[in-house]
Amino acid sequence: MAALDVQVVAADHAVWSGEAKSLTGRTVEGDMGILPGHTPVLALLAEGELTIEPVDGGGPIKAHVKGGFFSVDDDKVTVVADEADIRS
Amino acid sequence: MGAQIRVYRDKIRSTSSMKKIFKAMELIATARVGKARSRAQASTPYAEAITRAVAAVAAQNDIDHVLTEKVAEPKRAAVLVMASDRGLAGAYSTNVIKKSESLLATLREQGVEARPYLYGRKAQAFYDFRSREYDQVWTGNTDNPDVTVGREIGKALVDRFVQPTEEGGVDEIYLVYTEFQSMVTQEPVVKRLLPLAVVEDETTVHPLYEFEPSPEEVLDELLPKYIESRIFSAMLEASASELAARQKAMKSAGDNANDLILKYTLLRNNARQAEITQELSELIAGADALASS
């Protein structure tokens, strides 16, 4: 099964990167879930929770993000947040 | 005591107290350059990610936005020059100012009016001394840049960029700063922030993005973020370069002070020996004169 190549960066540091089955983020227009094969999208993030389901099992990774945007392109997901910290 | 000896002694004393200052400054620079480098490195992924996104968006021509607009003949350009606040860093500020001067000359040849924006007291001093105009200046903490200053600079430049050219807005934004290559090499570079140089590469086809909520809103948000992050990461890199340059300059100043102290010690000993010899020969001559009378 195809997986998402996820990279999460905050303004002053890289937060998380790896492969994921799915990712859910809160955009300014509401929650948005990304699965492999998603159409290319560039969305603005609102303050809220970002949930990542990693491929290598384990519980979902939850991060609190504030501001920024995320881009999806050919199963590559880049979350660029002003502030982000992992709560897990 | 001979006047000569006193002169040398004073020189040795002042050189050794200067040496202490050089040593202290070298140690401070060494301690801080590591931190500056890791700050610069930590901000790189963000700047890269945002640049990629902006490049992808700029390649899309069907959206009407200042970011994607192409200006056939640029009339005005903003040039941000990043020098340091303090000297004692060798040719650090001189090099970056020289680089900016050659950029200004090129722009002038192309008939583009350049508007200088300055960062660092050394750049300001350079312009003030020559009574040259500049649009805005930011000083303070060039060796430990603050993110709020980066935002301020970014905002000033973005405001200028979105202004129509007829009302004094700029069509291009250039950045001149010192790139940190290694502890011994720092290279002044010119980067064009806007408009983005879209690499016309056949192999990388930029995807046609869908925008949430709308292209305009996404681009309005993206443009200032892109400029701010590029400027701030350049500021961080420049600060690392400044500290590395200062460390190198202070190291060689300390070495030179050592050489001087050695030289003056030798001269002082010579002078002291000459004085003793003279006193001795005067004594002997005096005794001889007494004995023969």
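Residues numbered from 1 in each chain as written. Chains lettered and ligands numbered in written order. Predicted model: local features only at pLDDT ≥ 70, side-chain atom pairs only at ≥ 80, totals over all residues.

Per an unreviewed UniProt entry, chain B is named ATP synthase gamma chain, and its organism is Nesterenkonia alkaliphila. The Function (unreviewed entry) field of the UniProt record for chain B holds the comment "Produces ATP from ADP in the presence of a proton gradient across the membrane. The gamma chain is believed to be important in regulating ATPase activity and the flow of protons through the CF(0) complex." Per UniProt, chain B has the following entry under Sequence similarities (unreviewed entry): "Belongs to the ATPase gamma chain family." (UniProt positions renumbered as here; feature names shortened; annotations may be inferred.)

Chain A is annotated in an unreviewed UniProt entry as ATP synthase epsilon chain from Nesterenkonia alkaliphila. Under the heading Subcellular location (unreviewed entry), UniProt records this for chain A: "Cell membrane". According to the UniProt record, the Function (unreviewed entry) comment for chain A is "Produces ATP from ADP in the presence of a proton gradient across the membrane."

A. How the structure looks around the overall build of chain A. Helix and strand counts for chain A stand at 0 helices and 7 strands. Across chain A, helices and strands are ordered from the amino to the carboxyl terminus as β-β-β-β-β-β-β. Here chain A has a C-alpha radius of gyration of 11 Å; the compact-globule value for 88 residues is 12 Å, and the two agree. Dimensions of chain A, computed from C-alpha atoms along their principal axes, come out at roughly 30 × 25 × 20 Å. Nonlocal contacts in chain A, meaning residues at least 24 apart in sequence, comprise 48% of its contacts between residues at least 6 apart. (Helix = DSSP H or I, 4+ residues; strand = E, 2+ residues; numbered from the N terminus. Rg over C-alpha atoms; globule rule 2.2 N^0.38 Å. Contact = placed C-beta atoms within 7 Å.)

B. Expanded view of the interface of chain B and chain A. Of the residues lining the interface, 19 residues belong to chain B; the matching set on chain A comes to 22 residues. Looking at the side of chain B that touches chain A, the elements with two or more residues in it are helix 1 (3-58), strand 6 (210-212) and helix 5 (215-292) of chain B. Sort the elements by how many residues they give to the side of chain B that touches chain A and helix 1 of chain B lands first, with 8 residues. Of the residues assigned to the side of chain B that touches chain A, the class counts are 14 nonpolar, 1 polar and 4 charged. Alignment of strand 4 (residues 41-44) of chain A against strand 6 of chain B, held across 3 bridges, turns out to be parallel. For leucine 42 of chain A, the partnering residue across the bridge sits in strand 6 of chain B and is phenylalanine 211 of chain B. (Nonpolar A, V, L, I, M, F, W, Y, C, P; charged D, E, K, R; others polar. Pairing = 2+ DSSP bridges.)

C. Region of the structure containing the domain arrangement of chain B. Residue and element names in this part refer to chain B. With domains assigned, chain B is organised as domain 1 (3-14 + 250-292) and domain 2 (23-248). Centre-to-centre, using C-alpha coordinates, domain 1 lies 56 Å away from domain 2. Across the side of domain 1 that touches domain 2, the residue classes break down as 1 nonpolar, 2 polar and 1 charged. (Domains from an automatic or database assignment.)

D. Region of the structure containing the environment of valine 7 of chain B. Relative to the helices and strands, valine 7 of chain B is located in helix 1. With 257 residues separating them along the chain, valine 7 of chain B and tyrosine 264 of chain B place their C-alpha atoms 9.6 Å apart.

E. Highlighting the pairing of strand 6 (residues 61-73) of chain A. Residue and element names in this part refer to chain A. As paired elements, strand 4 and strand 6 share 4 bridges and run antiparallel to each other. Bridge pairing links leucine 44 to phenylalanine 69 in strand 6. Relative to strand 6, strand 5 (residues 48-54) runs antiparallel, the two sharing 5 bridges. Note on strand 6: the bridge partner recorded for glutamate 49 is histidine 64. Between strand 5 and strand 6, which pair antiparallel and follow one another directly, the connecting turn spans 6 residues, one of which, glycine 57, has a positive phi of 75°. Bridge analysis of strand 6 against strand 7 (residues 76-86) gives 10 bridges, and the strand direction is antiparallel. Paired with valine 72 across the strands is valine 77, a residue of strand 7.

F. A look at helix 3 (residues 121-129) of chain B. Residue and element names in this part refer to chain B. Arg121, Lys122, Ala123 and Phe126 are the residues of helix 3 that are buried. Tucked into the core, helix 3 has its buried residues touching strand 1 (76-82), helix 2 (92-109) and strand 2 (113-119). Remark: serine 131 follows helix 3 within two positions and exhibits a positive phi of approximately 50°. (Buried ≥ 20, exposed ≤ 12 C-beta atoms within 10 Å, placed from the backbone.)

G. Geometry of the sheet that holds strand 5 (residues 186-194) of chain B. Residues and elements named next belong to chain B. The sheet built from 5 strands is open, its strands ordered 3-2-1-4-5 with mixed pairing. Of all strands in the sheet, those bounded by a partner on one side alone are strand 3 (136-138) and strand 5. On average, each strand axis in the sheet is inclined to that of its neighbour by 25°, with strand direction left out of account. Summarising the sheet, strand 1 and strand 4 (residues 172-180) pair through 5 bridges and their orientation is parallel. Residue alanine 78 lies in a different strand from strand 4, and its bridge partner there is isoleucine 173. Helix-sheet contacts for helix 5 involve strand 1, strand 4 and strand 5, and the interaxial angle to strand 4 is about 30°. (Axes fitted to C-alpha atoms, helices over the stretch in contact; angles between N-to-C directions.)

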